[in-house]
Amino acid sequence: MSAGRAKPERNVLELFDIDVSSERVDVGEYLMRILARCAAWFEASGASIFLLDEATGKFRVRGQFGIDSVIPEDATILSGIGVAGMCIETGHPTVINDPMSEPMLRDRILAPRSDLASSMVVPLLDLESRCIGVLNLSRKHGKRAFSPAELAVASSLGRHVALAATNASLLATARAAQLETESVLNCVAAAVWVIDSEGRIERQNPASIHVFGEAAGIDWVTATESMPSGLREAMRSAVEAKPEAPVRLTAEDIVTDQAWTITVTRLPDLGAVVSLEDATAFRRASRDFARMKRLAEIGQMTAAIAHEIRNPLTGIRSAAQVIASDPTHAVDFAAIIEEEVLKLNSLCEDFLEFARPLALRLDSVDLRQIATLVAQSMEAEFAKESIRLALELGLHVPIIEADALRIEQVMRNLVRNALQACKPGDLVTISVRPAEFSVSDTGTGMCSETIDKLFTAFFTTKSNGTGLGMSNVRKIVEAHNAEINVDSQKGRGSEFTVRFRGKN
């Protein structure tokens, strides 16, 4: 080194000088800056760095600097092979002035370079003393050899280089993941906001700008001021609730006939991600579909009522004609007229029951008591048909909030249907469990087509049925916020299960 040339000051903090504000982190460019600093600090004419490729277990060249660095771009190092391989294997740095004179290296050198007077090889050890790379520094002939003091400094520096290289790699991976996430969010049609732990909007996608403009950095409550009242309150309450699991809810504005779906996902200690989808079109389509379905049901209902009324009216007309032509038969045919009128009245009662809104009288109900009452009241009917009836009441008291008379109506209807599906010797079982009951039988069973139509108004498989019984059953069950499931196989019987939701 010339007398007037000042030696560069070694400031290891310079190794961590990376532009975190840049959209992309160029690890190769960052490593080149590290190599340039190391070459200046140690007056090396060449410097290179190899980093571990976790996938292959090889150490690949990731950067080189200086006139003496002529390493192929695809060069690799294997642990235990060559000077650098030996340093990787042992974890100890070394200075090599004459590789062939070193007993430990003699059998490990593949092709020693004759143009280099001195080389210093420093393994890069992470905080767990695992070798994640190797730093090579060299001086040409005519330059002084690396000293033991410089080796000691380089060895200490290797820890910092390893940490800096690891940090750069992690930052590059994180930034790439961030860009990928932002790219995905920018393609999402739903409006998305990322809210920090202080309740400020940290990030938003382009779709969200159409909702209330550019809002990054603005308080969430302030940003939602311009929203319709129904949506504003739903958005605020969804975020303020701080749910542990993702929450999905709907909001609507009656004035503008708009609807939205809101999803809030908490980020532990970071805030939340809120997405908003316009569900207006879906809501209107669902409403139109429900209206069309209702009109179709009314059409089917009208046709069924007309068919059911026609038969009794035909009988009444025929009886009236006979009485008119021969009054001596008045007594006999008056009975026929009365019977047909009773059929019409029963049909009207069933229809009114189906059409009338339910007014439930809720109370604490013990399903076991209802099951016992139904079984006792229908015992004679089962005995008459030689069909067995069994009760399975369980050990727990299944108390629910329900309308006892309506639940009894449902259970009685299901038990009567099971009775009618059985032949002598078959078995019908009423089972009661916490928050549910079931009625099963070993009767004829049903095919899938029948199951699909089972709860349709005026659909019946009975010659004298109106087809409103099961429709009323479902109506009562749904009014209790419960559900009814059917499991049936042709020739093997059926099972109807009524399950109540909520706390019981």
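### Overview of the overall build of the chain
Step number 1: A tally of helices and strands in the chain yields 13 helices and 18 strands.
Step number 2: By the burial criterion, 39% of the 504 residues in the chain qualify as buried.
Step number 3: Carbon and sulfur atoms provide 55% of the accessible area of the chain, an area that totals close to 28700 Å².

### Concerning the nonpolar core
Step number 1: L414 and F437 are the most contacted members of the largest nonpolar core, which has 36 residues in total.
Step number 2: Secondary structure elements with two or more residues in this core: α9 (367-377), β14 (399-402), α11 (404-420), β15 (427-433), β16 (436-441), α13 (469-479), β17 (482-489) and β18 (493-500).
Step number 3: Membership of the second largest hydrophobic core comes to 30 residues, among which are L31, W41, I132 and L157.

### What to know about the environment of R232
Step number 1: Secondary-structure assignment places R232 in helix α6 (residues 229-240).
Step number 2: Distance in space between the C-alpha atoms of R232 and A251 is 8.9 Å, their sequence separation being 19 residues.
Step number 3: Here R232 is in contact with T224, E225 and M227, once residues within four sequence places are set aside.
Step number 4: For R232, the side chain forms a polar contact with the main-chain oxygen of E225, separated by 3.5 Å.

### Thoughts on the packing of α11 against α13
The description of two helices packed together rests on the angle between their axes and the distance between the axes.
Step number 1: Between α11 and α13, the shortest axis-to-axis distance is 10 Å and the interhelical angle comes to 145°. In this structure, the crossing between α11 and α13 has a hand that is left-handed. Where α11 abuts α13, its residues R406, Q409, V410, N413, L414 and N417 lie against G469, M470, V473, I476 and V477.
Step number 2: Here the residues of the contact of α11 with α13 sort into six nonpolar, four polar and one charged.

### Considering helix α2 (residues 82-90)
Step number 1: Of all nine residues in α2, seven are buried, a share of seventy percent or more.
Step number 2: Buried within α2 we find G82, V83, A84, G85, M86, C87 and I88.
Step number 3: At the exit of α2 stands G91, carrying a positive phi of roughly 80°.

### Section: the confidence of the model for the chain
Close inspection of predicted coordinates is inappropriate for parts of the model with low pLDDT.
Step number 1: Mean pLDDT over the chain works out to 80, with 84% of the residues at or above the 70 mark.
Step number 2: Across residues 1-6 the pLDDT falls below 50, and counting only partners more than four positions away or on other chains, this stretch makes two contacts in the model.

### Some details on the packing of aromatic side chains
Step number 1: Tallying each qualifying case throughout the model produces two aromatic pairs.
Step number 2: Seen in terms of ring centroids, W193 and W220 are 5.6 Å apart; in terms of plane orientation they differ by 70°. Their pairing is edge-to-face. One end of the pair, W193, is in strand β7 (residues 191-195); the other, W220, is in helix α5 (residues 220-223), with 27 residues separating them in the sequence.
Step number 3: W193 gets classed as buried once you look at its relative accessible area, which sits at 0%.

### Focus: the pairing of strand β1 (residues 46-52)
Step number 1: With six of seven residues buried, β1 lies mostly within the body of the structure.
Step number 2: In terms of strand pairing, β1 meets strand β6 (residues 131-140) through six bridges, oriented antiparallel. Paired with L51 across the strands is G133, a residue of β6.
Step number 3: Pairing geometry for β1 and strand β2 (residues 59-65), over six bridges, is antiparallel. Bridge pairing in β2 places F50 opposite V61.

### Here we look at the sheet that holds strand β11 (residues 271-278)
Backbone-to-backbone hydrogen bonds pair the strands of a sheet. The strands run either parallel or antiparallel.
Step number 1: One open sheet accounts for five strands, arranged β8-β7-β11-β10-β9; its pairing is antiparallel. The open sheet terminates on both sides in strands that have one partner only, identified here as β8 (201-204) and β9 (247-253). Along the sheet, successive strands turn relative to each other by an average axial angle of 25°, direction set aside.
Step number 2: Pairing analysis gives seven bridges linking β9 to strand β10 (residues 258-267), with the strands arranged antiparallel. Paired with D253 across the two strands is Q258, which belongs to β10.

### Side note on the side chain of R232
Step number 1: With a relative accessible area of 17%, R232 lands in the buried category.
Step number 2: Separated by 2.8 Å, the side chain of R232 and the backbone oxygen of M227 make a polar contact.

### With respect to unusual backbone geometry
Step number 1: Phi is positive for S129, close to 60°, though the residue is something other than glycine.
Step number 2: Given a relative accessible area of 47%, S129 falls into the partly exposed group.
Step number 3: A positive phi angle is found at S386, which is not glycine, with a value near 60°.
Step number 4: Structurally, the position occupied by S386 is in the loop between α10 (379-384) and β13 (388-392).
Step number 5: Using a relative accessible area of 47% as the deciding quantity, one classes S386 as partly exposed.

### Some thoughts on the pattern of salt bridges
Step number 1: Across all of its chains, the model carries 22 salt bridges by this definition.
Step number 2: Look at the salt bridges and you will find they share partners, linking E252, D257, R283, R284 and R287 into a network.

### Regarding the packing of α9 against α11
Step number 1: Orientation of α9 relative to α11, taken along the N-to-C sense of each, is 50°, at an axis distance of 10 Å. When the axis of α9 is compared with that of α11, the two are oblique. Considering the relative orientation of α9 and α11, their crossing is right-handed. When α9 is examined against α11, the residues L367, I370, A371, L373, V374 and S377 are found in contact with a partner set consisting of A404, I407, E408, M411, R412 and V415.
Step number 2: Of the residues contributing to the contact of α9 with α11, the split by class is nine nonpolar, one polar and two charged.

### Brief notes about the environment of C38
Step number 1: Along the chain, the position of C38 falls in helix α1 (residues 27-41).
Step number 2: With 97 residues separating them in the primary sequence, C38 and L135 have C-alpha atoms 9.4 Å apart.

Here is what the cut-offs are and how they apply
Residues numbered from 1 in each chain as written. Predicted model: local features only at pLDDT ≥ 70, side-chain atom pairs only at ≥ 80, totals over all residues. Heavy atoms only, no water. Helix = DSSP H or I, 4+ residues; strand = E, 2+ residues; numbered from the N terminus. Buried < 20%, exposed > 50% of the residue type's maximum accessible area, 1.4 Å probe, protein only. Areas by Shrake-Rupley, 256 points an atom, 1.4 Å probe, with all protein chains shown as cover. Core = buried A, V, L, I, M, F, W, Y, C linked by side-chain atoms within 4.5 Å. Contact = heavy atoms within 4.5 Å. Polar contact = N/O pair within 3.5 Å; in protein donor to acceptor, adjacent residues only side chain to side chain. Axes fitted to C-alpha atoms, helices over the stretch in contact; angles between N-to-C directions. Left-handed = near helix turned anticlockwise from the far one by under 90°. Nonpolar A, V, L, I, M, F, W, Y, C, P; charged D, E, K, R; others polar. pLDDT = per-residue confidence, 0-100. Phe/Tyr/Trp six-rings, centres within 6.5 Å; stacked < 30°, edge-to-face > 60°. Pairing = 2+ DSSP bridges. Salt bridge = Lys/Arg side-chain N within 4 Å of Asp/Glu carboxyl O. Parallel < 35°, antiparallel > 145°, perpendicular 65-115°, else oblique.

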